[in-house]
Amino acid sequence: MTAAHSADEQRRAEWTTVLEEMEVEVLDAERSIRGNRAEEIAAWGRRMADWTPPSVLGPVPVDLRERAARLLQHQLAVAEELVERITQSQRQRDVAARMAYRPRPVAAFIDRAL
């Protein structure tokens, strides 16, 4: 085995690990959505840092590019669904807040016999 081949195998193994971690993360986010767990959904929405590929790994190996592309599409679909659920939840909270603070009608009885 040549040193170049060994380095390629190492890079492939490292990228495989990175992709596996990302797949687990997107599946966790998807489970939060499917489980209708509002707090978890909100927590995913508060994550501010965009993922950046590790620069020390170099480019994604050719044989992993299709997998990476499918993962990206899955991530984008889950992210879109998260945004929709967060927006929906915010609208529901806004409606509930308006209803909670609206003055309630009070029954008034007038005694006309007086």
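Residues numbered from 1 in each chain as written. Predicted model: local features only at pLDDT ≥ 70, side-chain atom pairs only at ≥ 80, totals over all residues. Heavy atoms only, no water.

The protein chain carries the name Flagellar protein FliT in an unreviewed UniProt entry, which gives Geodermatophilus normandii as its organism.

A. Spatial organisation of the overall build of the protein chain. For the protein chain, the helix and strand inventory stands at three helices and zero strands. N-terminal to C-terminal, the α/β element order of the protein chain is α-α-α. By the burial criterion, 17% of the 114 residues in the protein chain qualify as buried. Restricting the contact set of the protein chain to residue pairs at least 6 apart, pairs at least 24 apart contribute 80%. Surface exposure of the protein chain reaches about 9200 Å², of which carbon and sulfur atoms provide 57%. (Helix = DSSP H or I, 4+ residues; strand = E, 2+ residues; numbered from the N terminus. Buried < 20%, exposed > 50% of the residue type's maximum accessible area, 1.4 Å probe, protein only. Contact = heavy atoms within 4.5 Å. Areas by Shrake-Rupley, 256 points an atom, 1.4 Å probe, with all protein chains shown as cover.)

B. Up close: helix α1 (residues 3-34). For α1, which comprises 32 residues, the first-to-last C-alpha distance of 46 Å matches the rise-based estimate of 46 Å (1.5 Å per residue) to within 8%. Directly beyond the C-terminal end of α1, a positive phi value near 55° is found at Asn36. (Expected span 1.5 Å × (residues − 1).)

C. Region of the structure containing the environment of Val56. Tracing the backbone through its elements, the reader meets Val56 in the loop between α2 (38-46) and α3 (65-101). Among the residues examined, Val56 registers a relative accessible area of 75% and is labelled exposed.

D. Summary view of the nonpolar core. Counting 15 residues, the largest nonpolar core has Trp15, Val78 and Leu82 as its most contacted members. Of all the elements in the fold, those that place two or more residues in this core are α1, α2 and α3. In terms of residue count, the dominant contributor to this core is α1 (seven residues). (Core = buried A, V, L, I, M, F, W, Y, C linked by side-chain atoms within 4.5 Å.)

E. Quick peek at the pattern of salt bridges. Evaluation of the coordinates by the stated rule reveals six salt bridges. With its nearest N and O atoms 2.8 Å apart, the salt bridge here joins Arg67 to Glu23. Highlighted residues: Arg67 in helix α3 and Glu23 in helix α1, separated in sequence by 44 residues. Across the pair Glu30 and Arg34 runs a salt bridge whose closest N-O atoms are separated by 3.9 Å. With a gap of four residues between them, Glu30 and Arg34 both fall in helix α1, about one helical turn apart. On the basis of relative accessibility, which here comes to 52%, the residue Arg34 falls in the exposed class. (Salt bridge = Lys/Arg side-chain N within 4 Å of Asp/Glu carboxyl O.)

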